[in-house]
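# Notes for the structure review
Next come the chains, spelled out residue by residue.
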Amino acid sequence: MSINTITASTSSVAGRIAPALLSVFFGLFVVGFVGFSPMEVVHNAAHDARHANAFPCH
C-alpha cells in the first residue's frame, strides 16, 4: 500500500514541475521574441495588447 502512495506522490511532484518549467520557458520565449523582434508589426501588436490589458510597459 505504501509503494502506491510513494509512486503517486512522486508522479504528482513531477506532474507539477514539468508544466511549470514549460510555462516559464514558453513565457521567456514569447517575451524575448516579441520584445526584441525586428518586425515592428509583432512588437506593436504586443504593445497594444499590454495597454489594452492595463499593463504598463513604459
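Each chain carries its own residue numbering, running from 1 in the written order of its sequence. Two thresholds apply to this predicted model, a pLDDT of at least 70 for residue-level local features and 80 or more for giving and counting side-chain atom pairs, whereas whole-chain, interface and lining totals are computed over all residues. Where side-chain values are given, they derive from all heavy atoms of the structure, hydrogens and water being excluded.

### Examining the overall build of the chain
For the purposes of this entry, the term helix denotes a DSSP run of H or I that reaches at least four residues, the term strand denotes a run of E that reaches at least two, and both are numbered from the N terminus. Regarding its fold elements, the chain presents 2 helices and 0 strands. Burial here depends on accessible area, computed with a 1.4 Å probe over protein chains only, as a share of the maximum for the residue type. Under 20% is buried, over 50% is exposed, and the range in between is partly exposed. Every one of the 58 residues in the chain was classed for burial, and the buried ones make up 5%. The protein chains shown are the only cover counted for residues, whose accessible areas, like all others here, come from Shrake-Rupley with a 1.4 Å probe. When the accessible surface of the chain is summed, it comes to about 5000 Å², and 75% of that surface belongs to carbon and sulfur atoms.

### As for helix H2 (residues 40-52)
Take the residue count of a helix, subtract one, and multiply by 1.5 Å to get its expected span. For H2, with 13 residues, the first-to-last C-alpha span of 18 Å sits near the 18 Å given by 1.5 Å per residue. A positive phi of about 60 degrees marks Ala54, the residue just after H2.

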